[in-house]
Structures are given as structure tokens and as C-alpha cells.
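Per-entry structural report
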Amino acid sequence: MNDFRPVQMSSPVLTVRQVDAYHAITVVAPGIAERFRSGQFIAVAVGGEQSSMLLRRAFAIHDVKPDYGGTVEFLFAVRGRGTAWLAERRSRDLLDIIGPLGKPFPLPRDPVNCVLVGGGYGSAPLFPLAHALRRRGCRVDLVLGAASAGQVFGAITARRVAETATFTTDDGSFGVRGRVTDALGQVIEDARSDVVYACGPMPMLREVTALAARHDIPVQVSVEETMACGTGVCMSCVVPVVGGDGITRMARSCVDGPVFRGERVRFDDVGTIPFDALGAPGWKARGDEESPVREAG
Amino acid sequence: MIPDLRVRLGELELVNPVMTAAGCAGSGRELAQFFDIARIGAVVTKSVMLEPRAGRPAPRIAETPSGMLSAVGLQGPGIEVFLQRDLPWLLSRGARAAVSVAGGGPGEYAELARRLSEAPGVAMIEVNLSSPDLARRGRHFAHDPEAAARVVRAVRAEARPDIPVFAKLSPDVPDLVGLARVCVEAGADGLAMINTVRGMAIDVDTMRPAVAGGPGGLSGPAIRPIALACVYEVHAALPEVPVIGMGGVRTGADALEFLLAGAGAVAVGTAIFHDPSACVRVLRELEQALVERGVERVASLVGAAHRAPGAAVRG
Ligand SMILES: Cc1cc2nc3c(=O)[nH]c(=O)nc-3n(C[C@H](O)[C@H](O)[C@H](O)COP(=O)(O)O)c2cc1C
């Protein structure tokens, strides 16, 4: 059990490179590499030891290799000061990294047909998943989408690891014009998919989950909720998720996720506290209490 | 020489002066993955309420320069689950468990104190006064000395006499020393300060408040000078009252600053989000700082900044 505990390490950067519209950093992190299971992520401190940026940046692990005792690669787009700092890292710089974090993708026991759906760099964690599924004898089909050609990630690798790889872009500059869900139904039918795995923005995950439901197959989604610590202590990355007992809880995507069963996530209520969530204002109010409007941290 | 790190805050005796700040250490389990939680002075829990609580909608947190804004809304499982699951676990790991409590009125606080007193092993009760008073349309207890006193009195009356009660104060009040005095008169055995400072950030892309609902609580190194002034002034006015100092502690030197200002112990909050082992690192750095200064007993430094210039710190 201890083997699954995340580790914190000061990891030397091996390479920083440009992959399509994204940056990819590979670090030497044996402890993380050996514990890693697909779907897990790392939380990286940015800005150096006395950084004024206190929140860790979370990134899905995109690749793990045995070189140098174990390397880990993650992918990002520059979106703010933290990722800009990361993009400036050079070989041999040290990064303060914690991982592997979060619940991995559950793998099927039997060699079933799996379709993997990614949006933008949400595709990143699907590649190690594809390899893990292939090792179990599963058929893997990939459907990858993005806004335009430059943001479709890993097209060449996709064709190599998957039985079929389908690409969609919003502007039609690469593959099929449209969204992943415009292509997914056909793929599910052609490949006789038994299960869907998806990672990407919430609206995409909602659509994919609805589509899987229409085909009556299970779907595992990995959410990309913004995190601050990655370790479960800050309570910021919550999403409303229905538990096995039918009760909705504000689940932390970093430790209770990031992988959830699609039908358990209340996509329409993300960004709110559903009125029937455990502990929501007015929830099971005791007789002697007024229905409170509460706040404060 | 290995410095003596033991501290005594009234009846609260700790093996060393570093603890977690309420709401920043999860249930303890999350941090136990990174270090032995029995090694720090105490684990202060997030504020426990009577009922389960879902908290506030996301986004709950935003990064600001050397700090962060938060409005988590005290999400937690409620006292029942806390007593059944979290408290026994902390004790089984050898941690000293200080329990923070929050409620909507003195009655709820009293009930929490009663329940905690029935359980074995509670080292201290910290009364989070930055919780909305339901009888006063959500005004925080900490913002009204009378309301704060009622809560503290209620907790002290119900808590087992051997469990020290600390009142946790907010810096956003016109007269902090006055509030501190009122809490002590109401029966608080000590004070914990500071809670977060009201602040705000706006996302210029979405053009919306960065934290849902608008303002939130500012924490982290950005508030350390504010926190230090609070501890210094309260210690000057009430030198006999034990104080747990917090607000932006990130290094051993930061912890030392708080001790010198008059805090008998120091809590680490936001720094944990950046470094899950922050508490043990701060402890190690503090110990090193004592060695470098030839100080034998950390307790001898408490409030030393108030002494006349040149007065020796006796170890
Ligand atoms: C996310 C978050 C949650 C918090 N939750 C609580 C809480 O439940 N009870 C409480 O008394 N203080 C709470 N606090 C306040 C901290 O305990 C502490 O007083 C404050 O953050 C200043 O210390 P720091 O700068 O080291 O974080 C919380 C702070 C943060 C940032």
C-alpha cells in the first residue's frame, strides 16, 4: 500500500521541447515513474524556492520511461506566469514535483474494446492509458479533437498506438470538422466499443458521457478542474459527484478523482453547490435550525 | 547542542512550537503521506461543525502575489464523522489533536465543545470566530466583541476543564486588542491569530471575481507583516496570555519572528499547499536558527522582541 503514496522530489529537467502547440518537459523522477498508473498527475511548484506563486500547477503525466532510473513527461500550454516560468526551464534545472497523485483510470479485467476521447491537451493522459490497455489485449480506438490543427496533440503517436485514430477540429483545419462527439458515435459503432475513456474540458466530458449513455456503455472521465495543492488539503478543486449511496458530495478532483465514472458527475451543476448535495445550505436542516445563508472560510 | 523545543501555552504543553493552521491540513491523512504527523507540536483540524457542510461554489481559490484568496466555506463532514473517523485516526498516529470548531450561534459551539469533551484525546479546542452569526444576518462573531464573548463563554462552560480553549481572531476589526481582552475575560485560555484578511481579485479575462461570490480571505506570506503586528500588539497588552501566531509562515525564520513577537507557538497554513512537508521543514529550520544563535530553549525567545534593546536572551 505504501507503494502508492505520492513522493515529493527535486527533479532535474532532462528536456524541454515543443510538441505541436504545447510545451513538454521531461524530468528525472524515479520514485514517481515507478509508482505511476495511467490517469495520475503531478503537482509542480513554480517560480523557484522563494516564489511568490504559492499554488502548485497540476499536469497529467503523459509519458513514463525507464531511462535514468525513471523519467516522467508532462505537457502544458503557456497560460499565465507559472506556465511561462516552466516554459523557460532548461535541462538540469530542478523542479519541485509531487506525484503520482490522484486516482488512476480503472482498467478492464478482460480484453475489451476501448475508445479513448481527448480534447486539446486533455489527450495527454490517454497515451499511457492506451499502452496499458494494449498490454491487456484491449482494442484501442482514439478520437482526438481541438480548436484547430495546431492544437491536435499527438497525431502521429495516436495512429501508432490505436487501431483507428479519428481527429476533429472546430475549424476543419485537420480531420473532421466539428467536435469529438460528432465523430464518437460512429467510432463506437464501427469498433463495437465496450467502454469509453475521456479527458478534456467539462462541456466535452458532459457530451461524451451523454453519448456513452445513449450507447449504453460505461464511461470514465478525467476532469481538468483547476487545483491549488494537488494533495487534497486545500479543498478548492471540488465537483459535485454522486456517490455509490446516491448522495451527492463535493468531491475533490485531486484525491477523489481526477477520474470519475461519467454518469456520477453532475456536469450541469459544476460551479455550483447543488441544493441536494450533502451539507448544502438547507440540507437535512435539523428541526431547531433556520435555513442558513452561510459563508466564511 | 540540541535546543529544547518544548513550549508551554498555559495548560497546553507541546513537544515543539510548530503546528498546522486550521483548514490547511485536511484530516491529517493527506499530510501523513509526506511526514510523520506526530513530529509536529499539534495538528489543528479544519473547523468542525455540527452538520456536514458542502461549502461554497467553485472557484474557491485564486493566487495573488505571495498569497492566495480563498472562500472554501468550511466544507466538512460534521462532528459525527469527525469523532468516528478523523479524531481516532489522528490519535492512532500519535498526533496531538487540536480541534477547531465553528457554528452558527453560541448553542452550536457549546454542543461541539460538549461532544469533543466526551471524546478522549482532544488536546485543545480552537474557536473559529470568523463564522457567520445566524442571529445577526451573517455578521462574523469575531467582528462583534459581545457576540464573540458569548461564543467563548459557551465553549468554556461546556468544554472539559482540562481542555484549553483558544479563541481564533480575525485581523479585520477596529480594535483587536480590545477583542482579545474580551475573549480572555470570557474565559479563553489563549488566542490564535490571525485568520485570513479580507481581500479580492478579479479575473480580467472572464471579467468576474476570481473567487466565486466576490471577496475572500487573503493568506500566505503577503499577510505576514499584518499578522506579526497583531501578535506583537496583543502580546504587549496581554503578556500573560498564550498566543498561537500564524499568517504567512513559510520558513524557520518566519516562525522565529512570530515567537519573538510574543507567540508561544506558530501555525503553518498556506505554505502547506505549496510544500506538504512545510511543517517539518519549518521545524528543522527553526531548530537550526536556534543553534546558530546559541539559544538553548525556544521558550526563552517568546516575546523577546519586546525587551529593551540589548537585553540578553537567556537560554
Ligand atoms: C483554504 C483555507 C482554509 C481555511 N480554513 C480555516 C478553518 O476551517 N478554520 C479556521 O479557523 N481558519 C481557517 N483558515 C485560516 C488559517 O487557519 C490561517 O489562520 C490563515 O490562513 C493565515 O495563515 P497562513 O497565511 O499560514 O495560511 C483557512 C485558510 C485557508 C487558506
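As a reminder, the structure under discussion sits directly above these lines.
First, a word on scope: everything that follows refers to the structure included in this document.

Definitions and limits used
- In this convention, every chain numbers its residues from 1, walking through the sequence in written order.
- Key to labels: chains lettered from A, ligands numbered from 1, both in the order written.
- Selection of residues for local features in this predicted model requires a pLDDT of at least 70, selection of side-chain atom pairs for listing and counting requires 80 or more, and totals for whole chains, interfaces and linings are taken over all residues.
- Remark: hydrogens and water are excluded; side-chain values derive from all non-hydrogen atoms of the structure.
- Two strands are counted as paired when DSSP detects at least two bridges linking them.
- Secondary structure follows DSSP: runs of H or I at least 4 residues long count as helices, runs of E at least 2 residues long count as strands, and numbering of each begins at the N terminus.
- Between two residues, a contact is recorded if the distance between any of their heavy atoms is within 4.5 Å.
- A fitted line through C-alpha atoms serves as each axis, taken over the contacting stretch for helices, and the angle formed by two N-to-C directions is quoted from 0 to 180°.
- Residues are classed as near a molecule or strand on a simple rule: at least one heavy atom within 4 Å of it.
- The definition of a polar contact used here is a pair of N or O atoms within 3.5 Å, where within protein one atom must be able to donate a hydrogen and the other to accept one, and adjacent residues in sequence count solely through side-chain atom pairs.
- Buried area adds together the accessible area that both of two parts lose upon being put together, with accessible area traced by a 1.4 Å probe.
- For this document, the term salt bridge refers to a Lys or Arg side-chain nitrogen within 4 Å of an Asp or Glu carboxyl oxygen.
- Following the grouping adopted for this structure description, the nonpolar residues are Ala, Val, Leu, Ile, Met, Phe, Trp, Tyr, Cys and Pro, the charged ones are Asp, Glu, Lys and Arg, and the polar ones are all others, Gly among them.
- The definition of a right-handed crossover adopted here requires that, viewed with the strands pointing away, the path from the first strand over the helix to the second runs clockwise.
- Throughout this description, buried means an accessible area under 20% of the type-specific maximum (1.4 Å probe, protein chains only), exposed means over 50%, and partly exposed covers the range between.
- Here roughly perpendicular refers to angles of 65 to 115 degrees, roughly parallel to angles under 35, roughly antiparallel to angles over 145, and oblique to all remaining angles.
- Handedness of each helix crossing follows the sense of rotation of the near helix against the far helix: counterclockwise by less than a right angle gives left-handed, clockwise gives right-handed.

Looking now at the sheet that holds strand S3 (residues 18–20) of chain B. Through backbone hydrogen bonds, the strands of a sheet pair up, either in parallel or in antiparallel fashion. Residue and element names in this part refer to chain B. Within the open sheet, the eight strands sit side by side as S3-S18-S17-S12-S11-S8-S7-S4. Their pairing is parallel. The outermost strands of the open sheet, each flanked by one partner alone, are S3 and strand S4 (43–44). In this structure, strand S11 (residues 165–169) lies alongside strand S12 (residues 190–193), joined through four bridges in parallel fashion. Bridging from a neighbouring strand, Ala167 pairs with Leu191 of S12. Docked against the sheet, helix H3 (residues 106–118) engages strand S7 (97–101) and strand S8 (122–128), running at close to 170° with respect to S8.

With that out of the way, let us pick up the site of the ligand. Taken together, the neighbourhood of the ligand is formed by 24 residues, with B:Ala22, B:Ser47, B:Gly220, B:Gly248 and B:Thr270 sitting nearest. Chain contributions to the surroundings of the ligand come from chains A and B. Here B:Asn128 contributes a side-chain N or O atom positioned 3.2 Å from a nitrogen atom of the ligand. B:Ile194 is positioned with one of its backbone polar atoms (N or O) 2.8 Å from an oxygen atom of the ligand.

The partner chain B presents 49 residues to the 43 residues of chain A that form the contact. When chain A packs against chain B, the two sides together hide about 3,900 Å² of surface, and 56% of this comes from carbon and sulfur. Linking chain A with chain B are two salt bridges. Linking A:Arg57 and B:Glu63 is a salt bridge whose minimum nitrogen-to-oxygen distance equals 2.8 Å. Considering only residue class, the side of chain A that touches chain B consists of 20 nonpolar, 11 polar and 12 charged.

All names here are of chain A. In spatial order, the strands read S10-S9-S8-S7-S11-S12-S15; together these seven strands make up an open sheet with mixed pairing. The two strands at the open ends of the sheet, each matched to only one other strand, are strand S10 (176–177) and strand S15 (259–261). Two elements, strand S7 (residues 113–119) and strand S8 (residues 139–146), share seven bridges in a ladder whose sense is parallel. Bridge pairing in S8 links Cys114 to Val140. Sheet strands in contact with helix H5 (residues 180–191) are S7, S8, strand S9 (164–169) and strand S11 (195–200), and its direction is about 170° off that of S8.

Before going further, it helps to examine the pairing of S9(A). All names here are of chain A. For S8 and S9, the ladder comprises six bridges, and the chain directions are parallel. In the sheet register, Asp141 faces S9, and the bridge partner there is Thr164. Note on the crossover from S8 through helix H4 (residues 155–161) to S9: the handedness is right-handed. Note that S9 and S10 share two bridges and pair parallel. What sits directly across from Thr168, in S10, is Val176.

This part is about the pairing of S7(A). Residues and elements named next belong to chain A. Most of S7 sits inside the fold, with seven of its seven residues counted as buried. Side chains Asn113, Val115, Val117 and Gly119 of S7 all project onto a buried face; the interleaved residues Cys114, Leu116 and Gly118 project onto the opposite face, where all are buried too. Crossover connection from S7 via helix H3 (residues 126–135) to parallel S8: handedness right-handed. Both S7 and S11 contribute to a ladder of five bridges, which runs parallel. If you follow Gly118 over to S11, its bridge partner there is Cys199.

This part takes up the packing of H5(A) against helix H6 (residues 202–214) of chain A. Angle between the axes and distance between the axes are the two parameters that describe a pair of packed helices. Residues and elements named next belong to chain A. Where H5 meets H6, the closest approach of the two axes is 10 Å, and the angle between their N-to-C directions is 25°. As the angle between them shows, H5 and H6 are arranged roughly parallel. In this structure, H5 meets H6 at a crossing whose hand is right-handed. Facing Val180, Thr181, Leu184, Gly185 and Ile188 of H5, the residues of H6 in contact are Met204, Glu207, Val208 and Leu211.

Moving on, we get to the pattern of salt bridges. Residue and element names in this part refer to chain A. In total, this model carries 30 salt bridges over all chains according to the counting rule given. As a salt-bridge pair, Asp63 and Lys65 come within 3.1 Å of each other at their nearest N and O atoms. By relative accessible area, Asp63 is classed as partly exposed at 23%. Residue classification places Lys65 among the partly exposed residues on the basis of a relative accessible area of 41%. The salt bridge involving Arg89 is made with Asp93; its shortest N-O contact spans 3.6 Å.

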